[in-house]
Amino acid sequence: APQGIIAQHVLGIMSVLSESSTSSGAPAVPRCINWTVEEVADWIENIGFKEYRECFTSNLVSGKKLIWVTASSLPNLGVTDWKHIQFISAEVRKLLCLEDPFWNRSITLPPRSALGLFLERKSCTGRRANQLTFEPPEEDT
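Here the residue numbering is sequential within each chain, running from 1 through the sequence in written order. With pLDDT at 70 or above as the cut-off, local features in this predicted model cover only qualifying residues; side-chain atom pairs require 80 or more to be listed or tallied, and sums for whole chains, interfaces and linings still use all residues. Remark: hydrogens and water are excluded; side-chain values derive from all non-hydrogen atoms of the structure.

Assigned secondary structure in the chain consists of 7 helices and 0 strands. Working definition: helices are DSSP H or I runs of at least four residues, strands are E runs of at least two. Numbering for both runs from the N terminus. The order of α-helices and β-strands along the chain, N terminus first, is α-α-α-α-α-α-α. Relative accessibility thresholds used throughout: buried, under 20% of the residue-type maximum; exposed, over 50%; partly exposed, between the two (1.4 Å probe, protein chains only). Residues classed as buried in the chain amount to 33% of the 141 residues present. Restricting the contact set of the chain to residue pairs at least 6 apart, pairs at least 24 apart contribute 52%. When the accessible area of the chain is evaluated, it comes to approximately 9300 Å², of which 56% is carbon and sulfur surface. Contacts are residue-level and defined by heavy atoms, with any inter-residue pair within 4.5 Å sufficient. Areas reported here follow the Shrake-Rupley algorithm with a probe of radius 1.4 Å; residue values treat only the protein chains shown as occluding.

See below:
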């Protein structure tokens, strides 16, 4: 049974990634930001953490709010096992196509990717946030 869950999870990530890039290969907005609270709860269950479904639904974690689900915020949601925190936060980063937060990342780099900054702005509610669109920055040649 665990291999079935893993295979299902891999297929889910592959479909998210294939839908999350433009024709130029630049990251596009992941479709998961439009998920409802129930769809996020289904996802957390599908990655093997059925016990945290209620934590995510009672805290109203929708697709827009996934950008804020990090190793620092998961204990506030009710996830307290360190291994689970590491795994879930890594899966959220994969789902949102965000880079890992390396401890030795250079301070000369921008604080976040353009997609990460967009997702933070899009996580707000209201008409202005709903009207935001993402244009990947032009790459220097």
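Further remarks concern the confidence of the model for the chain. Looking at any residue, its pLDDT shows the predictor's confidence there, from 0 to 100. Looking at the chain, the pLDDT average stands at 76 and 55% of residues meet or exceed 70. Residue range residues 5-24 is modelled with pLDDT below 50. Its contacts to residues more than four positions away, or to other chains, number 23 contacts.

Let us now look at the pattern of salt bridges. Criterion for a salt bridge: a side-chain nitrogen of Lys or Arg within 4 Å of a carboxyl oxygen of Asp or Glu. What the rule picks out here adds up to 4 salt bridges. As a salt-bridge pair, D42 and R53 come within 2.8 Å of each other at their nearest N and O atoms. Taken together, the residues span a long stretch of sequence, with D42 in helix α2 (residues 37-46) and R53 in helix α3 (residues 53-58) at a distance of 11 residues. Between E45 and R53 there is a salt bridge, with the nearest N and O atoms lying 3.0 Å from each other. Overlapping salt bridges bring together E38, D42, E45 and R53 as one network.

We now examine helix α5 (residues 82-95). Each helix should span, by expectation, one fewer than its residue count multiplied by 1.5 Å. Here α5 spans 20 Å end to end across 14 residues, near enough to the 20 Å set by a 1.5 Å rise per residue. Between the side-chain oxygen at the start of α5 and the backbone nitrogen of K83 there is a gap of 3.0 Å, and the oxygen is on D81. Within two residues after α5, C97 carries a phi angle of roughly 60°, on the positive side. Polar contact criterion, stated in full: a pair of N or O atoms within 3.5 Å, where within protein one must be able to donate a hydrogen and the other to accept it, and residues adjacent in sequence count only if both atoms are side-chain atoms.

The complete set of buried residues in α2 reads V40, A41, W43 and I44. Buried residues along α2 cover an arc of 160° about the axis, so they all sit on one side. Buried residues along α2 sit against α3 and α5. The arc in question is the one traced by the directions running from the helix axis out to the C-beta atoms.

The aromatic pairing rule takes the rings of Phe, Tyr and Trp, using the six-membered ring of Trp, and pairs them if the centres are within 6.5 Å, calling planes under 30 degrees apart stacked, those over 60 edge-to-face and the rest tilted. Evaluation of the coordinates by the stated rule reveals 3 aromatic pairs. On the numbers, 5.6 Å between centres and 50° between planes, the contact of F49 with F87 is tilted. One end of the pair, F49, is in the loop between α2 and α3; the other, F87, is in helix α5, with 38 residues separating them in the sequence. Within the aromatic cluster, the residues linked to one another by ring pairs are F49, Y52 and F87.

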